Structure formats: C-alpha cells, structure tokens
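# Residue-level structural notes
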Amino acid sequence: MLPEGRQVANLKGPFKELIEFTGQIIAGVSARGPNGEGYLLIENGIPAIAQYNENGTELKGNDAIIFFREQPFLEYTVTSYNESELRKVITYSIRNNWLVDHKSLPTEDETTLSNEEKLDRILRQPGVIAVSSFFEGFPINSRGDGDFEHAAAIAEDLLRAGAKISDDLGIGILEQIILETPQGKCILAPFEDLYLVVLTSTDANLGMIRLAIKGVQKL
C-alpha cells in the first residue's frame, strides 16, 4: 500500500504540464482518467516510477509512461513525502515492477517505430482483438485474431467514400470511421500511405483506442 503523503496540488491537462509542474520537486502523483487510474513518482521533472490500470489492464514502467504521453487530458493529484514515506513508495514500486527504464524508453519526439511496432501498440489497448494495415484491397501487416483477406477491399472503398462525403459536406479531413454491431466494433482510419482496420470487443473503450490510433499516426 502506498503512503498518503501530503497533498500539494490538483492538476488537469496533458502529461507535459505535469512534468513542468514537478520540475523542481520530488512528488508522488495519482492519475485519473475516464476508465482508469494510476500512479507516478517524479523526481525533478523525470518520472522514475509509473503505473496505470485501464479497464483491468495494468501498464507498468515504460509502457505506462508511453500511455501517459498519449493522453491529451488526465487529472493529477500531486503529493509530497517525507523520507520514510518515500522509501516505502520505492520499495513498493520495485516489488510491483513499476520502475521506469530511461535507457530503453523512447523519447517523445522519436519517429523510428516500425509499422509493425505501431500495430502492436494499438493491439495492446484493452478490448482490441485484431488490427491490420492494408493497401489496394490487400492486407500488409496484421496482428491478433482477425481475418482481413475479404474485408480489406471493402474497408478501403468505405474509407474513400467517407473521405468524399467529408469533403462534400465541408467538415474537414476524414480521421476515422466507426462501425458498431451487437457482436463487436470496427475502426477504420488512414495510416501513412496505407489504411488501418481495428476490430474490438463490444465493451471496448473506443475513446482510448481512438487516441492510441491518433498517437501512432503522428509517429
């Protein structure tokens, strides 16, 4: 169990603002989102410990930091500790494998992720069953449990039709198309020079998955 410490501040916003706020202090941070919560220990603006639980899926260390970076908005409660409380936090975090490994942690502006790694990042989102990139009606890379051979061509036609509708209505560039059925959900989106299809369970948090898609589109 983590010690309570002394509450310093409440923040709402992106992860970068939290890092700026903690630039001169050592602080524990409780993080809350629409469907999850987590914890960070930040030392002078550098996260040393990170954890987040989203819909029953726990992210630890570097995976949690990547998740925090991708969220446009979270609520944070910043807490200070005395030396005894800080030792308890570190001991508890080591026991639960929450330590951040900065040697292997990608920088925020890193652009070297392969397409396969981007698909893997989407597949790790809670509720995602399968993901595939495709072009000219043929799957290029696929992850998870899904048969995209027959769906790729139709999905590409649908994205092109959606882009034309968006243009005709004057509502901007198409970002994503969402299909929902009683058996599951599907997200279609442009993906560099390719297209992307993501299959999810019926109870998947589409908000978090859509954010993950937007995150890899920018890498």
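Just above, that's the structure.
The present account deals with the structure reproduced in this document. Every value quoted in this text rests on a predicted model; they were computed, and no experiment measured them.

## Digging into the overall build of the protein chain
- Counting its secondary structure elements, the protein chain contains six helices and 11 strands.
- In terms of overall dimensions, the protein chain has C-alpha extents of about 60 × 35 × 35 Å along its principal axes.
- Split into buried and exposed, the 219 residues of the protein chain put 43% on the buried side.
- Sequence separation of at least 24 residues holds for 56% of the intrachain contacts in the protein chain that already meet a minimum separation of 6.

## Looking at the environment of P190
- In this structure, P190 sits in strand 10 (residues 184-191).
- Taking the C-alpha atoms as reference, P190 lies 9.3 Å from E156; in sequence the two are 34 residues apart.
- For P190, the contacting residues outside a window of four places in its chain are L159, L174, E175, Y195 and Q217.

## Things to note about the sheet that holds strand 8 (residues 138-144)
- As summarised here, the arrangement of the five strands in space is 8-7-11-10-9, forming an open sheet in which the pairing is antiparallel. Strands at the two margins of the open sheet, each flanked by one partner only, are strand 8 and strand 9 (177-181). Between one strand and the next, the sheet's axes are offset by a mean angle of 15 degrees, whatever the strand orientation.
- Summarising the sheet, strand 9 and strand 10 pair through five bridges and their orientation is antiparallel. What sits directly across from E180, in strand 10, is K185.
- Sheet strands in contact with helix 4 (residues 115-123) are strand 7 (128-135), strand 8, strand 10 and strand 11 (194-200), and its direction is about 45 degrees off that of strand 8.

## Some thoughts on the pairing of strand 7
- Counting buried positions along strand 7 gives six out of eight residues, so the element sits mostly inside the fold.
- As judged from the six bridges shared by strand 7 and strand 11, these two strands associate in the antiparallel manner. Counterpart to A130 in the pairing with strand 11 is L199.
- Connecting strand 7 to the antiparallel partner strand 8 that follows it, the hairpin turn spans two residues, and E136 within it adopts a positive phi of roughly 55 degrees.

## Topic: the nonpolar core
- Ranked by internal contacts, the top residues of the largest apolar core, which has 21 residues, are L18, L40, F68 and Y76.
- Elements that contribute at least two residues to this core include exactly helix 1 (15-21), strand 2 (26-33), strand 3 (36-43), strand 4 (46-54), helix 2 (62-70) and strand 6 (74-80).
- Counting residues per element, this core draws most heavily on helix 2, at five residues.
- Those residues in contact with L40, other than ones at most four positions away along the chain, are F15, L18, A27, G28, V29, P47, I49, A50, I65, F68 and Y76.

## Brief notes about helix 4
- Those residues of helix 4 lying buried are N115, K118, L119, R121 and I122. Mapping the buried residues of helix 4 onto a view down its axis gives an arc of 155 degrees, with all of them on the same face.

## What to know about helix 5 (residues 151-169)
- In this model helix 5 runs 27 Å from its N-terminal to its C-terminal C-alpha over 19 residues, within 8% of the 27 Å that 1.5 Å per residue would give.
- For helix 5, the complete set of buried residues consists of A152, A155, E156, L159, G162 and S166. On an axial view of helix 5, the arc spanned by its buried residues comes to 125 degrees, and they lie on one face. Projecting away from the buried face of helix 5 at angles above 90 degrees are the exposed residues I154, K164 and D168.

## Thoughts on the sheet that holds strand 3
- Judged by pairing direction, the sheet is antiparallel, and its six strands sit side by side in the order 1-6-2-3-4-5 without closing on themselves. Sheet topology places strand 1 (6-13) and strand 5 (57-60) at the edges, where each strand pairs with a single neighbour. Each strand axis lies, on average, 15 degrees off the axis of its neighbour in the sheet, ignoring direction.
- Two strands pair when backbone bridges link them, and strand 2 and strand 6 are joined in this way by five bridges, in the antiparallel orientation. Among the inter-strand pairings, A31 is bridged to a residue of strand 6, identified as Y76.
- Of the strands in this sheet, strand 2, strand 3, strand 4, strand 5 and strand 6 touch helix 2, which is tilted by about 80 degrees from strand 4.
- Packing against the sheet, helix 3 (residues 83-95) makes contact with strand 2, strand 3, strand 4 and strand 6, and its axis sits at approximately 120 degrees to strand 3.

Quick notes on the rules
Residues numbered from 1 in each chain as written. Predicted model: local features only at pLDDT ≥ 70, side-chain atom pairs only at ≥ 80, totals over all residues. Heavy atoms only, no water. Helix = DSSP H or I, 4+ residues; strand = E, 2+ residues; numbered from the N terminus. Buried < 20%, exposed > 50% of the residue type's maximum accessible area, 1.4 Å probe, protein only. Contact = heavy atoms within 4.5 Å. Pairing = 2+ DSSP bridges. Axes fitted to C-alpha atoms, helices over the stretch in contact; angles between N-to-C directions. Core = buried A, V, L, I, M, F, W, Y, C linked by side-chain atoms within 4.5 Å. Arc of directions from axis to C-beta. Expected span 1.5 Å × (residues − 1).

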